[in-house]
Amino acid sequence: MQDDVILNISDLHKSFGAVRALRGVNFELRRGEIHALAGENGAGKSTLMNIIDGILQPDSGTICWNGTPVSIASPTEAQKLGIGLVHQEIALCPDVSVAENIFMSATNISRRLLMDYRALEDRARSILGQLADIDSAMLVRDLPISHQQLVEIAKALTLDCKVLILDEPTAALTEREAQILFSIMRRLADQGISIIYISHRMVEIFDNCDRVTVFRDGQYITTQTVADIAPSDVVNAMVGRVVDTLYPDKMRPQDCASDRTPPILDVRNLSEAQRFRDISFQLKRGEVLGLAGLIGAGRSEIVKGICQLEGDVSGDISLNGTPLSIRTYGDSIRAGMVYLSEDRKGDGVFLDMSIAENISALDLGLVGNRVGTIDAARETDLAETLAAKLNIKYGRLSDPVSSLSGGNQQKVAIAKMLSVDPKLIFLDEPTRGVDVGAKAEIHRILRDLARSGVGIVVISSELPELIGVCDRVLVVREGQISGEVSGEDMTEENIMHLASVLDAADAQLQSA
Amino acid sequence: MEKSINLAPPATQGMGALKKLLRMRETGLILIILALCIGMSFASPYFLTWVNIRAMVMAFAVEGIVVVGMTILLISGGIDLSVGSVTALAMVIAGWLFLQGIDPWVASLISIAACTGIGAFMGFFVTRVGLHHFIVSLAVMVIARGACLLFTGGRPIGLFTLPAEFKFIGQGAIGPIPLVIIIFLIVVLAFDFMLRRTTAFRKVFYTGSNEKAAAYSGIRTKKVIFLTTTLCSALCGVAGIIYMARFGSAQPTFGLGMELNVIAAAVIGGASLNGGSGTIFGAILGAVLLSVVSSSLALLDVSVYWQDIIRGSILLAAVSIDHYLNKRRR
């Protein structure tokens, strides 16, 4: 049996600063098996895959390849061993042909002076032929996302690999394309190639994989033969953890408004052509509401739609009982609804501008006087007040935001939201990339705001955070609200059940 | 070993002070300009005479108005290559209308309006069609130049009959100071103040610094970019009219290569091609520096052909120093 093991990883550790991404994980891959790796976002799956592919180096632990310890220093070395990784994000050159993309690394090491495009296209055609009907002379840019994903897989197949890693490959594929991919996976496995298959979807794991390994919080939990366990066991293993008490208190009875006061936010039948449909929910006064769901389920899109940041939405929105008719995000800010973006550096703050200038960006009227000039003293006052309120650590207010730590940058972004005295704040991943101390502070700030009557809606991919911070959580799945949990029912199991298509999986497994 | 430890702190302190000084770009530029002027005053007795100083200021004053527009556009994240030909087109349109018997003041207003329209046209292609400033303004640069040649048949239009009141804009003086310089100073001071202090122009910085973050702060970034594009062309129109009054003619080939001078001045003065930073004061100092260098080279009898080489080298040096300092700061 031992001879069968192509890759054996034991006691692997990896830290990024204070974050311990992997804490002694084990992983065993046999020749010719399809091995699923399951875990929540942040469980350490991608870190391990990047280590196997030589992109990252472990802090400690051993990797054995065919029984011999190896250190994989770079993706090129991983390639030499026979490891191919298909990333979740598509990393192709959009402006060159499919064939050139597939043979990018071959071309890179080729010693020939001229490109033989015809031969390249022919070879690409024979590899693609088994995958899908894709013209190898087409530009990648002109392909739909699902075909781009297949090109990525074809690219990995050309490397003559013995281990193929697929990181959520079906996220962008249609059902039919996914089925084709699974049959190819099975064929490759029969040829002796081992496949590591990363997915959230239980039905895929249980229909197509031989074994499953579960990680949680950077730790190895278990490895089981799929035939021996049920999908719900895997989900339990993924999330089975007691929520710790780092979080602030929940809503108190006195925080609730009387039944007659209208809810802060009342959304009815909100729909958008592409990304979500028929969304209805309410946010009560004093409550912190969570939005859970897998990445891409439509959580951010829904709140951006409410704020008119993007998308052409239809439906009715009332704020504190008043129906809103807003057309731009500027209107939304004036109405008192603001959105804290999930990508702080990309679109949350102005990195090279000063702290004070960042905080006043939402409404310059606050720091301007009647003739439209900026009153520097008022701008400083506003920034000082909010910086003190949020406990922002800074040198001078004229320092650029780039000089602050991630947590303090995020607080500047929150201060910007608070500058306009909002009635309602949507926070998208408010603690992503924030250290533990600042995280707890931000959670406390959210609770304080809710108590003072500001509506708080939190989107987070971290289930413990949602459960710890929120009074009620709505779960979004494929553009629809698939359920709501609160109080005792607010458990990771329940949320994961609602977020993934597990029910369908169960039904299918039972009928089979 | 110990020696180096002892020596290290004062050395780094000295470096820090120097770097700090260099980092304040306006100070650095003023120092360089002063040094050049002092050096030149020894090299040529003519350099620091009133006549030469006036000539130097006149040389960049009108172009300086275009520098103001370009700087604001660069801060918003855009760029405009068409400034030279749009300035020439302003002269040509106004001159042609004047020759058709239209009052020169009315002709000038129509011409400035036309240039503003050209800016709006570019702004439309950038913000609505979604093309890059570089390409749109490159196309308009060629189109506007072509229009100039079409209007004039490629020959300068002599405007000898321009009324004296009109020529006064370009040729007159209040006391010893030419009116051109006064107009220039008013434009510079007004826009410098507005850019530093008004809420409207603050939005230009937000947009150029991070367009998406600006949009996520409720700022209508497309409107901002549309307006800065339009403003730059409008100021080209103003500059064209002043040139016409000054020369008493409309020259279809005027302003060739002006875009390089103008962009160089703004960039030497601290404007970033990535948007988000720059000052009017700095950009004008950049223009002053380029003008002082040109004048110095002329007085030293350096071939005109060398001048372009030196100007280009100054630009490269200024931007390299800036890039280096920025990298160190990160």
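Report on the accompanying structure. This one's a predicted model, so the numbers in the text were calculated from it and none came from an experiment.

**Regarding the overall build of chain B**
Thinking step 1. A count of helical and extended segments in chain B gives 14 helices and 4 strands.
Thinking step 2. For 330 residues, the compact-globule formula gives about 20 Å, and the C-alpha radius of gyration of chain B, at 21 Å, lands near that figure.
Thinking step 3. Taking the principal axes of the C-alpha coordinates as reference, chain B spans close to 85 × 60 × 35 Å.
Thinking step 4. Burial analysis of chain B (330 residues in total) assigns 49% to the buried set.
Thinking step 5. Of the contacts formed within chain B by residues at least 6 apart in sequence, a portion of 79% connects residues at least 24 apart.

**Points about the sheet that holds strand β8 (residues 194-198) of chain A**
Residues and elements named next belong to chain A.
Thinking step 1. The strand order across the open sheet formed by 6 strands is β6-β7-β8-β3-β9-β10, and the pairing between neighbours is mixed. Taken across any chain shown, the strands that pair with only one partner, and hence form the sheet edges, are β6 (83-86) and β10 (219-225). Strand-to-strand, the axes of this sheet are offset by a mean angle of 15 degrees, without reference to chain direction.
Thinking step 2. Alignment of strand β3 (residues 34-38) against strand β9 (residues 211-216), held across 4 bridges, turns out to be parallel. By the bridge assignment, L37 is partnered in β9 with T213.

**A short note on the environment of A:I359**
Residue and element names in this part refer to chain A.
Thinking step 1. In this fold, I359 is placed in helix α13 (residues 355-359).
Thinking step 2. Once the C-alpha coordinates of I359 and G479 are considered, the two residues, 120 residues apart in sequence, prove to be 33 Å apart.
Thinking step 3. Not counting chain neighbours up to four residues away, the residues in contact with I359 comprise L382, A383, L386, V412, A415, K416 and S419.

**Some thoughts on the interface of chain B and chain A**
Thinking step 1. Taken together, the contact between chain B and chain A spans 20 residues of the former and 27 residues of the latter.
Thinking step 2. In total, chain B and chain A occlude about 2,000 Å² of area from one another, counting both sides; carbon and sulfur atoms represent 57% of this.
Thinking step 3. Its largest share of buried area at the contact with chain A, chain B owes to B:R202, B:Y206 and B:Y216, together 37% of the area lost on that side.
Thinking step 4. The salt bridge partner of B:R202 is A:E379, with a shortest N-O separation of 2.8 Å.
Thinking step 5. Summed over the shared surface of chain B and chain A, the number is 11 residue pairs in polar contact (both at pLDDT 80 or more).
Thinking step 6. The element that contributes the greatest number of residues to the side of chain B that touches chain A is helix α9 (residues 199-209) of chain B, accounting for 7 residues.
Thinking step 7. Residue composition of the side of chain B that touches chain A, by class: 9 nonpolar, 6 polar and 5 charged.

**Points about the nonpolar core**
The nonpolar side chains of soluble globular proteins are, as a tendency, buried together.
Thinking step 1. Counting residues in each nonpolar core, the largest one holds 234 residues, and the members touching the most others are A:L164, A:L265, A:F426 and A:I456.
Thinking step 2. A per-element tally of this core places helix α3 (residues 50-75) of chain B first, with 14 residues.
Thinking step 3. For A:I456, the contacting residues outside a window of four places in its chain are A:L283, A:E287, A:V288, A:L289, A:L424, A:I425, A:L427, A:L446, A:L449 and A:A450.
Thinking step 4. Core analysis: the second largest hydrophobic core is formed by 25 residues, A:V25, A:I51, A:I63 and A:A78 among them.

**Quick notes on a positive patch on the surface**
Thinking step 1. A surface patch of like charges, here positive, comprises A:R327, B:R128, B:K203, B:R220, B:K222 and B:K223.
Thinking step 2. Relative to the helices and strands, B:R220 resides in the loop between α10 (211-215) and α11 (221-247).
Thinking step 3. Judged by relative accessible area, which is 55%, B:R220 ranks as exposed.

Conventions adopted
Chains are numbered independently. Their residues run from 1 in the order of the written sequence. Lettering of chains starts at A and numbering of ligands starts at 1, both following the order in which they are written. Side-chain atom pairs in this predicted model are given and counted only at pLDDT of 80 or more, local residue features only at pLDDT of at least 70, and totals for whole chains, interfaces and linings cover all residues. To obtain the side-chain values, all non-hydrogen atoms of the structure were included, while hydrogens and water were left out. The secondary structure listing takes helices from DSSP runs of H or I that are at least 4 residues long and strands from runs of E that are at least 2 residues long, numbered from the N terminus. The atom set for the radius of gyration is the C-alpha atoms, and the globule formula is 2.2 Å times the number of residues raised to the power 0.38. When accessible area is computed with a 1.4 Å probe and restricted to protein chains, residues below 20% of their type maximum are described as buried, those above 50% as exposed, and intermediate ones as partly exposed. Residues are treated as being in contact if the distance between any of their heavy atoms lies within 4.5 Å. When DSSP locates at least two bridges between a pair of strands, those strands are taken to pair. Angular values range over 0 to 180 degrees, each being the angle between N-to-C directions of two axes fitted as lines to C-alpha atoms, with helices fitted over their stretch in contact. Once two parts are put together, the accessible area they lose, assessed with a 1.4 Å probe and summed over both, is termed the buried area. When a carboxyl oxygen of Asp or Glu is within 4 Å of a side-chain nitrogen of Lys or Arg, the pair counts as a salt bridge. Polar contacts, as used here, are pairs of N or O atoms within 3.5 Å; protein pairs need one atom able to donate a hydrogen and one able to accept it. Residues neighboring in sequence count only if both atoms are side-chain atoms. Polar here means any residue outside two lists: the nonpolar Ala, Val, Leu, Ile, Met, Phe, Trp, Tyr, Cys and Pro, and the charged Asp, Glu, Lys and Arg; Gly therefore counts as polar. Residue types Ala, Val, Leu, Ile, Met, Phe, Trp, Tyr and Cys, when buried and joined through side-chain atoms within 4.5 Å, form a set referred to as a nonpolar core. Note on patches: the residues involved have over 30% relative accessible area and no salt bridge, like charges join within 9 Å, and the nonpolar side chains Val, Leu, Ile, Met, Phe, Trp and Tyr join within 5 Å. Exposure was quantified through the Shrake-Rupley algorithm and a 1.4 Å probe, taking into account, for residues, occlusion by the shown protein chains and nothing else. Neither His nor the chain ends is counted toward charge; the positive residues are Lys and Arg and the negative residues Asp and Glu. Note that the charge is assigned to NZ on lysines, CZ on arginines, CG on aspartates and CD on glutamates.

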